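Read off the chains here:
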Amino acid sequence: MTLPKAPTEPKPPRGYFGNITDTVVSTAKGMALTFRYLFRKKVTVQYPEVRPQLDERYRGIHYLEQELCINCDKCAKACPVDCIEMDATRHGKELEWHKFQLDYQKCMFCELCVYPCPKDCIHMGTEYSMVSEDRSDFVKDLLSWTGLTEEQQERIEAAEAAKAAKLAAKKKAAEEAAKKEPAEGEAGAEDPQA
Amino acid sequence: MNSHPAARFDDKPGREVELDVATQDCMIHMGPQHPATHGVMRVLLKADGEILAGAQTHLGYLHRCAEKIGESVDWLQYLPYTDRYDYLAAMNNNLGYSLAVESLLGVEVPERAQYLRVIVAELNRIASHLFAVGTYGLDLGAFTPLFTALRDREEVLELFEKICGARLTYSYVRPGGVMNDAPEGWLASVAAFLDGFEKTWHEYWTLIAENKIFIERTANIGVLSAEQALAWGCSGPMLRGSGIDWDLRRDQPYLIYDRLEFDVIQGVGYRGQVGDCFDRTFVRMFEMVESVRILRQCLEQIPDGEVLHEEVGAVIRPAPGESYVAIENPRGELGHYCVSDGTKIAVRVRVRSPSFCNMSVAEHLMPGAMLGDAAAIIGSVDIVVGETDR
Amino acid sequence: MAARDTAWGPMELNRAAAQEAAEALRAAGWELELQLPNLPLIAPEGEAKDLVRRAKEEDAEPVWRGDAFLLLGKAQDLPAVLEHCRDELGYALLYDATAVDPSVDSAELKLIYGLRNLQTKARLIVQARVPKTEAVVPSVALVYPAADWHEREAAEMYGITYTGHPDPRKLLLPDDWAGFPLRKDYEYPEEYNGISCT
């Protein structure tokens, strides 16, 4: 069905009986429409039993690839609400982690901490449910890390693949541009001679 | 009707019909927790019997110091806060702020990013208008439109979830471009949504605009004349509903709106007078149609390429200067007046929010209306209190 | 359709309108200066990032980018000037009225009024300055009712007194709030009515 153009004229007013007809017809139309929905497929989800399918870019609770992290503090600096706190001691090449805390009472899931990371080690996950009776439970330490779940692994791999593909495309475009340029240069050189 | 600014709450307007029964003025608090105020806002109504003699708006319940925060965090760090003033159209807020920062930086974002921005902004306009029209029905006692509207809005939110990972506070459009490129197949799913929406739009029209009860509740109610709308600095559907042909997308074109073909919808007094509550809903209904047109054109034209300007990094230091950039939010003109002194923190981020100005006239539409119409008038302004208070 | 020259709107149009309005207002006898930015609207490639650093190195005159605006000589002229803009120059809509505190050291506040002309599609920014110690200006709410709420907001946030304002109550802040939050020297309160603010 195509969409109509907006009318530019007011609708002519109806008389007494026209008004009565309009009332009955428009109410019946609305009822019929509502009634038809009885036989359509449901769009609602029974939430606690059925969990929604979240997209791979979903911005939920963070997870950290602790082995990669170099304690550079860039994510904490980027955070608008200063909810990231990290602390580690360096022993040569090794880092001894003390804490990498996120205060989810403050966090607004804006993802600004993810972009500046030089090692791509902080990510946002699909976990969103966070219920507690105690406020201290909302301060989470990302160091209690027991390896990536399968889902998180997939997310990272997908992101890396996308990045590699983008880089390859960029490289290709640059190469093509480089190929084109000498050709144009030659053409430009020829012009003055002509 | 009271339009002179000096005519205030305490001035009782002359009544056309003198009643036999002596009545006493009655003060009624509408809000702060009233479903029809769409947030925490209080309207003090002065009722003379069933007829309103005046109204006074009390704001500030949702004041979160957005402008003060803007002066204390980095330019980029302020971005998530912009989501929070008009939480029903956060993409547009991001866009307005990003454009203001870019105007001080002096960068134009890559073309693909401009198209993506227009696509998300228009999708958000559809979602926001759906919510406005749906809840307006709810204010007037019609329950069904809200459910159907939220179903379609949900589809838009799912599209946003796919592109940026958030459903309400996106932070997707950022100074310098957009956060991510659209994932594979996203543009196709936008097209699929539009196909479905073209069908369901007719349902809203049947349920809302053709419903006799809705017409009776809105036509000839809360008439805002063109002069009044101009004088009170209204914008968006409020201004256009009063028959003024003004749309920033066309008249001060930003991004790539000058390449797109669309109509500016004006109120024509479709069921009553020009500028009544029905006309404002009418404008919103047909603006969704125009948004679909714009989206279709964008999907055809969108080029490939980068989505983030190379020179805009995590720390933004715009040139010193002052710049006002306004965009057409679903509710009207959203302007950011940014003042920079060349450091990484703003001197001033002024937010000119559309609901704030539109709401300032609403109390002047009340005198003379019936008590039950107060909800109809406030609902037709389509305020988001996060935005009036900021 | 107005011509678009930047991604954020037709800036040349607005600039031309500011120049035109400045001439018209000067001809009508008001004292004002036209402030034009001296940087190009769109930065040349590679400049956007380190413009400020370079500007400092060269030790050149101050650079700035953005909108052109009119700076009135006397803040007392505001209602008359805006009325002239509305009636003679066709700026029918006031979209914004606000103030800016440029810095802690600054002795003055800047008042900013934004006007729109729906015929020429241009907008105009009119500014004026008032001393911080005695921030009193005549209100324009009787010229443009739209300024009503904007001025109430600016008054409570910056401590500006708008004389002749029809309704000078506080708008967003509680009635008993002390201090002017958007001034740069504002000190955050320790507590408010027994509620700790820290």
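Residues numbered from 1 in each chain as written. Chains lettered and ligands numbered in written order. Predicted model: local features only at pLDDT ≥ 70, side-chain atom pairs only at ≥ 80, totals over all residues. Heavy atoms only, no water.

A. Looking closely at the pattern of salt bridges. Residues and elements named next belong to chain B. Scanning the model with the defined rule gives 48 salt bridges over all chains in all. Between Glu-122 and Arg-249 there is a salt bridge, with its nearest N and O atoms 3.3 Å apart. Residue Glu-122 is found in helix α4 (residues 111-139), and its partner Arg-249 is found in helix α10 (residues 248-251); the two are separated by 127 residues along the sequence. A single burial state applies to Glu-122 and to Arg-249, both of which are buried. The shortest N-O distance in the salt bridge between Arg-240 and Asp-247 comes to 3.6 Å. Look at the salt bridges and you will find they share partners, linking Glu-122, Arg-125, Arg-240, Asp-247, Arg-249, Glu-287 and Glu-328 into a network. (Salt bridge = Lys/Arg side-chain N within 4 Å of Asp/Glu carboxyl O. Helix = DSSP H or I, 4+ residues; strand = E, 2+ residues; numbered from the N terminus. Buried < 20%, exposed > 50% of the residue type's maximum accessible area, 1.4 Å probe, protein only.)

B. Just the nonpolar core, in detail. With 199 residues, the main nonpolar core has Leu-123, Tyr-172 and Trp-186 of chain B together with Tyr-113 of chain C as its most contacted residues. Among the nonpolar cores identified, the runner-up in size contains 25 residues, and Ile-84, Leu-95, Phe-100 and Leu-143 of chain A belong to it. (Core = buried A, V, L, I, M, F, W, Y, C linked by side-chain atoms within 4.5 Å.)

C. Region of interest: the arrangement of the chains. A comparison of contact numbers over the two pairs of chains in contact places chains B and C at the top. Structurally, chain A and chain C remain out of contact, their C-alpha atoms never closer than 15 Å. (Contact = heavy atoms within 4.5 Å.)

D. The sheet that holds strand β2 (residues 84-91) of chain A, seen in detail. Residues and elements named next belong to chain A. Strand order across the open sheet formed by three strands is β2-β3-β5, with antiparallel pairing between neighbours. The outermost strands of the open sheet, each flanked by one partner alone, are β2 and β5 (139-141). Here the strands of the sheet are splayed against their neighbours by 15° on average, with no regard to which way each runs. Across eight bridges, the pairing between β2 and strand β3 (residues 94-103) is antiparallel. (Pairing = 2+ DSSP bridges. Axes fitted to C-alpha atoms, helices over the stretch in contact; angles between N-to-C directions.)

E. Structural context of the environment of Glu-12 of chain C. Mapped onto the fold, Glu-12 of chain C is located in helix α1 (residues 11-27). The spacing of Glu-12 of chain C and Pro-62 of chain C is 50 residues in sequence and 22 Å in space, taken between C-alpha atoms.

F. Geometry of the interface of chain C and chain B. Every contact between the two is made by 72 residues of chain C and, on the other side, 68 residues of chain B. In this assembly, chain C packs against chain B so that about 5600 Å² is buried in total across both faces, 57% of it on carbon and sulfur atoms. When the buried area of chain C at its contact with chain B is split by residue, Arg-4, Trp-8 and Trp-149 of chain C rank highest and sum to 14% of it. Linking chain C with chain B are seven salt bridges, by the criterion used here. (Buried area = accessible area lost by both parts, 1.4 Å probe.)

G. Representation of the packing of helix α6 (residues 186-209) of chain B against helix α11 (residues 277-301) of chain B within the structure. All names here are of chain B. One way to put it is that α6 packs onto α11 with a least axis distance of 10 Å and a crossing angle of 160°. Here α6 lies roughly antiparallel to α11, going by the angle between them. In the crossing of α6 with α11, the sense of the turn from one axis to the other is left-handed. Where α6 approaches α11, its residues Leu-187, Val-190, Ala-191, Leu-194, Asp-195, Phe-197, Glu-198, Trp-201, Tyr-204, Trp-205, Ile-208 and Ala-209 are matched on the opposing element by Phe-278, Thr-281, Phe-282, Met-285, Phe-286, Met-288, Val-289, Val-292, Leu-295, Arg-296 and Leu-299. (Parallel < 35°, antiparallel > 145°, perpendicular 65-115°, else oblique. Left-handed = near helix turned anticlockwise from the far one by under 90°.)

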